[in-house]
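Examining the three-dimensional arrangement
These are the residues of each chain, in order.
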Amino acid sequence: MASSAGTPISYAKTPLSRRRRKAEVRSADILNAALDAFVENGFAATRLEDIAERAGVSKGTLYLYFESKEALFKAVIRETIVPVVERAEQRVEAFSGSSRELLALTLRSSWSALSESRMTGLPKLVLAEATNFPEVARTYFDEVVLRVRGLFARVLRRGIERGEFRPLDVEYTARVMVAPVVMAQIWKHSLVKCQIDAIDFDRQLDVLIDLILNGVASSEEREPRKRGIP
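Residues numbered from 1 in each chain as written. Predicted model: local features only at pLDDT ≥ 70, side-chain atom pairs only at ≥ 80, totals over all residues. Heavy atoms only, no water.

On to the overall build of the protein. Within the protein, the secondary structure is distributed over ten helices and zero strands. Its helices and strands in sequence order give the protein the pattern α-α-α-α-α-α-α-α-α-α, from N to C terminus. Per-residue burial over the protein gives 40% buried out of 230 residues. A fraction of 70% describes how many contacts in the protein between residues 6 or more apart in sequence connect residues 24 or more apart. Here the protein has roughly 13400 Å² of accessible surface; of this, 53% comes from carbon and sulfur atoms. (Helix = DSSP H or I, 4+ residues; strand = E, 2+ residues; numbered from the N terminus. Buried < 20%, exposed > 50% of the residue type's maximum accessible area, 1.4 Å probe, protein only. Contact = heavy atoms within 4.5 Å. Areas by Shrake-Rupley, 256 points an atom, 1.4 Å probe, with all protein chains shown as cover.)

See below:
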(Lines give C-alpha, C1' and ligand atoms only; values in the text may rest on other atoms or scores of the structure.)
Protein backbone atom coordinates (compact mmCIF):
# COMPACT_ATOMS: atom_id res chain seq x y z
CA MET A 1 0.00 0.00 0.00
CA ALA A 2 1.28 3.52 -0.81
CA SER A 3 0.66 6.97 0.66
CA SER A 4 -1.00 9.75 -1.35
CA ALA A 5 2.51 10.86 -2.37
CA GLY A 6 3.24 7.43 -3.79
CA THR A 7 5.71 6.44 -1.04
CA PRO A 8 5.18 2.94 0.36
CA ILE A 9 3.91 3.00 3.89
CA SER A 10 5.99 0.97 6.35
CA TYR A 11 3.88 -0.48 9.12
CA ALA A 12 5.55 -1.15 12.45
CA LYS A 13 4.91 -4.51 14.04
CA THR A 14 1.74 -4.39 16.03
CA PRO A 15 1.68 -4.66 19.82
CA LEU A 16 -0.19 -7.95 19.33
CA SER A 17 2.70 -9.51 17.38
CA ARG A 18 5.18 -8.32 20.01
CA ARG A 19 3.04 -9.86 22.73
CA ARG A 20 2.85 -13.08 20.78
CA ARG A 21 6.63 -13.23 20.40
CA LYS A 22 7.08 -12.49 24.08
CA ALA A 23 4.60 -15.24 24.96
CA GLU A 24 6.46 -17.75 22.77
CA VAL A 25 9.78 -16.88 24.40
CA ARG A 26 8.25 -17.16 27.87
CA SER A 27 6.70 -20.52 27.04
CA ALA A 28 10.07 -21.78 25.78
CA ASP A 29 11.77 -20.55 28.96
CA ILE A 30 9.23 -22.44 31.07
CA LEU A 31 9.69 -25.64 29.05
CA ASN A 32 13.49 -25.46 29.32
CA ALA A 33 13.27 -24.87 33.06
CA ALA A 34 10.80 -27.73 33.42
CA LEU A 35 13.04 -30.15 31.52
CA ASP A 36 15.97 -29.31 33.79
CA ALA A 37 13.87 -29.65 36.94
CA PHE A 38 12.25 -32.95 35.91
CA VAL A 39 15.58 -34.54 34.96
CA GLU A 40 17.31 -33.36 38.13
CA ASN A 41 14.55 -34.05 40.65
CA GLY A 42 12.09 -36.47 39.08
CA PHE A 43 8.43 -35.83 38.40
CA ALA A 44 7.03 -36.20 41.90
CA ALA A 45 9.65 -34.03 43.61
CA THR A 46 9.47 -31.21 41.08
CA ARG A 47 7.30 -28.29 42.21
CA LEU A 48 5.73 -25.80 39.87
CA GLU A 49 7.05 -22.91 41.93
CA ASP A 50 10.59 -24.24 41.44
CA ILE A 51 10.06 -24.34 37.67
CA ALA A 52 8.62 -20.83 37.72
CA GLU A 53 11.64 -19.56 39.63
CA ARG A 54 14.05 -21.21 37.17
CA ALA A 55 12.13 -19.68 34.26
CA GLY A 56 12.07 -16.23 35.85
CA VAL A 57 8.29 -16.01 36.01
CA SER A 58 5.70 -16.10 38.77
CA LYS A 59 3.76 -19.26 39.53
CA GLY A 60 0.62 -17.44 38.41
CA THR A 61 2.22 -16.69 35.05
CA LEU A 62 3.19 -20.34 34.66
CA TYR A 63 -0.45 -21.32 35.15
CA LEU A 64 -1.41 -19.04 32.25
CA TYR A 65 0.55 -21.36 29.97
CA PHE A 66 0.14 -24.79 31.61
CA GLU A 67 -2.79 -25.83 33.78
CA SER A 68 -0.93 -28.53 35.75
CA LYS A 69 2.39 -30.25 36.22
CA GLU A 70 1.13 -33.15 34.10
CA ALA A 71 0.25 -30.78 31.25
CA LEU A 72 3.69 -29.19 31.52
CA PHE A 73 5.44 -32.56 31.37
CA LYS A 74 3.43 -33.55 28.29
CA ALA A 75 4.42 -30.27 26.66
CA VAL A 76 8.09 -30.96 27.45
CA ILE A 77 7.83 -34.30 25.65
CA ARG A 78 6.05 -32.80 22.64
CA GLU A 79 8.42 -29.86 22.30
CA THR A 80 11.72 -31.68 22.89
CA ILE A 81 11.72 -35.37 22.00
CA VAL A 82 8.84 -35.56 19.50
CA PRO A 83 10.53 -33.18 17.00
CA VAL A 84 13.64 -35.42 17.10
CA VAL A 85 11.48 -38.43 16.25
CA GLU A 86 9.73 -36.52 13.47
CA ARG A 87 13.05 -35.57 11.86
CA ALA A 88 14.16 -39.20 12.00
CA GLU A 89 10.90 -40.28 10.33
CA GLN A 90 11.42 -37.74 7.55
CA ARG A 91 15.01 -38.92 7.07
CA VAL A 92 13.86 -42.53 6.67
CA GLU A 93 11.23 -41.54 4.13
CA ALA A 94 13.71 -39.56 2.03
CA PHE A 95 16.62 -42.03 2.16
CA SER A 96 17.60 -43.67 -1.14
CA GLY A 97 20.59 -45.82 -0.15
CA SER A 98 20.73 -49.38 1.15
CA SER A 99 18.70 -50.48 4.14
CA ARG A 100 21.93 -51.49 5.86
CA GLU A 101 23.18 -47.90 5.58
CA LEU A 102 19.79 -46.55 6.64
CA LEU A 103 19.65 -48.74 9.74
CA ALA A 104 23.14 -47.65 10.87
CA LEU A 105 22.32 -44.01 10.12
CA THR A 106 19.06 -44.16 12.05
CA LEU A 107 20.76 -45.64 15.11
CA ARG A 108 23.62 -43.14 15.03
CA SER A 109 21.50 -40.08 14.36
CA SER A 110 18.97 -41.06 17.03
CA TRP A 111 21.73 -41.41 19.60
CA SER A 112 23.65 -38.27 18.57
CA ALA A 113 20.47 -36.18 18.75
CA LEU A 114 20.00 -37.23 22.36
CA SER A 115 23.41 -38.12 23.78
CA GLU A 116 24.47 -34.63 24.80
CA SER A 117 20.98 -33.44 25.57
CA ARG A 118 19.14 -33.26 28.88
CA MET A 119 16.42 -35.28 27.14
CA THR A 120 18.36 -38.48 27.89
CA GLY A 121 17.19 -38.16 31.49
CA LEU A 122 13.52 -38.63 30.62
CA PRO A 123 13.48 -42.45 30.12
CA LYS A 124 14.88 -42.96 33.64
CA LEU A 125 12.29 -40.55 35.06
CA VAL A 126 9.38 -42.23 33.28
CA LEU A 127 10.39 -45.77 34.25
CA ALA A 128 11.01 -44.81 37.87
CA GLU A 129 7.67 -43.04 38.32
CA ALA A 130 5.37 -44.85 35.89
CA THR A 131 3.32 -46.68 38.53
CA ASN A 132 2.61 -43.48 40.46
CA PHE A 133 1.91 -41.35 37.38
CA PRO A 134 0.51 -43.69 34.72
CA GLU A 135 -0.91 -40.85 32.62
CA VAL A 136 2.55 -39.31 32.30
CA ALA A 137 4.01 -42.71 31.40
CA ARG A 138 1.26 -43.29 28.82
CA THR A 139 2.01 -39.99 27.09
CA TYR A 140 5.70 -40.84 26.83
CA PHE A 141 4.95 -44.34 25.61
CA ASP A 142 2.42 -43.26 22.96
CA GLU A 143 4.28 -40.26 21.60
CA VAL A 144 7.88 -41.44 21.87
CA VAL A 145 8.33 -45.17 22.47
CA LEU A 146 5.75 -46.43 19.98
CA ARG A 147 6.92 -44.02 17.29
CA VAL A 148 10.57 -44.95 17.74
CA ARG A 149 9.75 -48.66 17.56
CA GLY A 150 7.65 -47.96 14.48
CA LEU A 151 10.53 -46.06 12.90
CA PHE A 152 12.93 -48.99 13.26
CA ALA A 153 10.25 -51.45 12.19
CA ARG A 154 9.84 -49.43 8.99
CA VAL A 155 13.57 -49.70 8.26
CA LEU A 156 13.53 -53.44 8.94
CA ARG A 157 10.55 -54.03 6.64
CA ARG A 158 12.26 -51.99 3.93
CA GLY A 159 15.32 -54.22 4.18
CA ILE A 160 13.27 -57.43 4.16
CA GLU A 161 11.28 -56.33 1.11
CA ARG A 162 14.52 -55.56 -0.76
CA GLY A 163 16.13 -58.85 0.18
CA GLU A 164 18.83 -57.08 2.21
CA PHE A 165 17.59 -58.41 5.55
CA ARG A 166 16.49 -61.94 6.36
CA PRO A 167 12.91 -62.65 7.48
CA LEU A 168 12.51 -61.33 11.00
CA ASP A 169 9.99 -60.90 13.78
CA VAL A 170 9.93 -57.20 13.00
CA GLU A 171 8.00 -56.04 16.04
CA TYR A 172 10.29 -57.70 18.56
CA THR A 173 13.48 -57.07 16.61
CA ALA A 174 12.64 -53.36 16.79
CA ARG A 175 12.12 -53.70 20.56
CA VAL A 176 15.47 -55.44 21.01
CA MET A 177 17.26 -52.83 18.89
CA VAL A 178 15.89 -49.89 20.83
CA ALA A 179 16.40 -51.38 24.31
CA PRO A 180 20.22 -50.93 24.51
CA VAL A 181 19.93 -47.29 23.47
CA VAL A 182 17.34 -46.64 26.19
CA MET A 183 19.47 -48.53 28.72
CA ALA A 184 22.49 -46.40 27.83
CA GLN A 185 20.44 -43.28 28.56
CA ILE A 186 19.34 -44.69 31.93
CA TRP A 187 22.93 -45.70 32.75
CA LYS A 188 24.12 -42.19 31.92
CA HIS A 189 21.74 -40.71 34.49
CA SER A 190 22.29 -43.28 37.23
CA LEU A 191 25.57 -45.16 37.73
CA VAL A 192 27.63 -42.83 35.55
CA LYS A 193 26.40 -39.92 37.67
CA CYS A 194 27.87 -41.76 40.67
CA GLN A 195 31.19 -42.20 38.82
CA ILE A 196 30.54 -45.93 38.53
CA ASP A 197 31.18 -47.83 35.28
CA ALA A 198 31.64 -44.90 32.93
CA ILE A 199 30.78 -45.93 29.37
CA ASP A 200 32.33 -44.93 26.07
CA PHE A 201 28.92 -44.47 24.46
CA ASP A 202 30.28 -44.09 20.92
CA ARG A 203 32.21 -47.34 21.23
CA GLN A 204 29.17 -49.10 22.66
CA LEU A 205 27.07 -47.82 19.76
CA ASP A 206 29.64 -49.14 17.27
CA VAL A 207 29.39 -52.61 18.85
CA LEU A 208 25.58 -52.45 18.86
CA ILE A 209 25.42 -51.50 15.18
CA ASP A 210 27.87 -54.26 14.23
CA LEU A 211 25.82 -56.88 16.08
CA ILE A 212 22.53 -55.68 14.63
CA LEU A 213 23.70 -55.40 11.03
CA ASN A 214 25.24 -58.87 11.07
CA GLY A 215 22.21 -60.26 12.86
CA VAL A 216 19.60 -58.99 10.41
CA ALA A 217 21.55 -59.42 7.16
CA SER A 218 20.22 -61.87 4.59
CA SER A 219 22.46 -64.76 3.50
CA GLU A 220 23.00 -63.00 0.16
CA GLU A 221 24.28 -59.93 2.02
CA ARG A 222 26.49 -61.92 4.40
CA GLU A 223 28.30 -64.04 1.81
CA PRO A 224 29.95 -61.18 -0.14
CA ARG A 225 31.13 -59.64 3.13
CA LYS A 226 32.71 -62.92 4.21
CA ARG A 227 34.76 -62.79 1.02
CA GLY A 228 35.83 -59.24 1.78
CA ILE A 229 33.60 -57.58 -0.81
CA PRO A 230 32.12 -54.29 0.52
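On we go.
Okay, the packing of aromatic side chains next. In the structure shown here, the tally under the stated rule is five aromatic pairs. Taken together, a centroid distance of 5.5 Å and an interplanar angle of 20 degrees make the contact between Phe 38 and Phe 43 stacked. A relative accessible area of 1% means that Phe 38 is categorised as buried. Between Phe 43 and Phe 73, the aromatic rings sit 5.6 Å apart at their centres with planes inclined by 80 degrees, giving edge-to-face as the arrangement. A residue pair is termed long-range when its members are at least 10 positions apart, and Phe 43 in the loop between helix H1 (15-41) and helix H2 (48-55) and Phe 73 in helix H4 (residues 69-94) qualify at 30 residues. (Phe/Tyr/Trp six-rings, centres within 6.5 Å; stacked < 30°, edge-to-face > 60°.)

Moving on, we get to H4. An α-helical turn contains 3.6 residues, so a residue and the one three or four places further along point in the same direction. Here H4 is 26 residues long and its end C-alpha atoms lie 37 Å apart, about the 38 Å a rise of 1.5 Å per residue gives. For H4, the principal kink sits at Val 82 and spans about 40 degrees; a proline, Pro 83, occurs within the next four residues. (Expected span 1.5 Å × (residues − 1). Bend = angle between axes of the 7 residues up to and from the residue.)

Every buried residue of H2 is accounted for by Leu 48, Ile 51, Ala 52 and Ala 55. Viewed end-on, H2 has its buried residues packed into an arc of 100 degrees, placing them on one side of the element. Backbone geometry just downstream of H2 places Gly 56 in the positive-phi region, at approximately 75 degrees. (Arc of directions from axis to C-beta.)

A separate point is the pattern of salt bridges. Scanning all chains against the criterion turns up eleven salt bridges. Put simply, Glu 49 and Lys 59 hold a salt bridge, and the shortest N to O gap is 3.3 Å. Note that Glu 49 is positioned in helix H2 and Lys 59 in helix H3 (residues 59-65), a separation of ten residues in sequence. The salt bridge involving Arg 154 is made with Glu 93; its shortest N-O contact spans 3.3 Å. Taken together, the positions of Arg 154 in helix H7 (residues 134-161) and Glu 93 in helix H4 put the pair 61 residues apart, joining distant regions of the chain. (Salt bridge = Lys/Arg side-chain N within 4 Å of Asp/Glu carboxyl O.)

Where helix H6 (residues 122-129) contacts helix H8 (residues 170-188), the two axes come as close as 8 Å, and the packing angle between them is 90 degrees. Taken together, H6 and H8 sit at an angle that is classed as roughly perpendicular. Judged by residue contacts, Pro 123, Lys 124 and Leu 127 of H6 engage Val 182, Gln 185 and Ile 186 from H8. Residues of the contact of H6 with H8, tallied by class, amount to four nonpolar, one polar and one charged. (Axes fitted to C-alpha atoms, helices over the stretch in contact; angles between N-to-C directions. Parallel < 35°, antiparallel > 145°, perpendicular 65-115°, else oblique. Nonpolar A, V, L, I, M, F, W, Y, C, P; charged D, E, K, R; others polar.)

By the secondary structure assignment, Asp 36 is in helix H1. With a relative accessible area of 23%, Asp 36 lands in the partly exposed category. Residues Asp 36 and Met 119, 83 residues apart in the sequence, show an inter-C-alpha distance of 8.9 Å. Aside from chain neighbours lying at most four places away, what touches Asp 36 is Arg 54 and Arg 118. Within the structure, Asp 36 has its side chain in polar contact with the side chain of Arg 118 (distance 2.7 Å). (Polar contact = N/O pair within 3.5 Å; in protein donor to acceptor, adjacent residues only side chain to side chain.)

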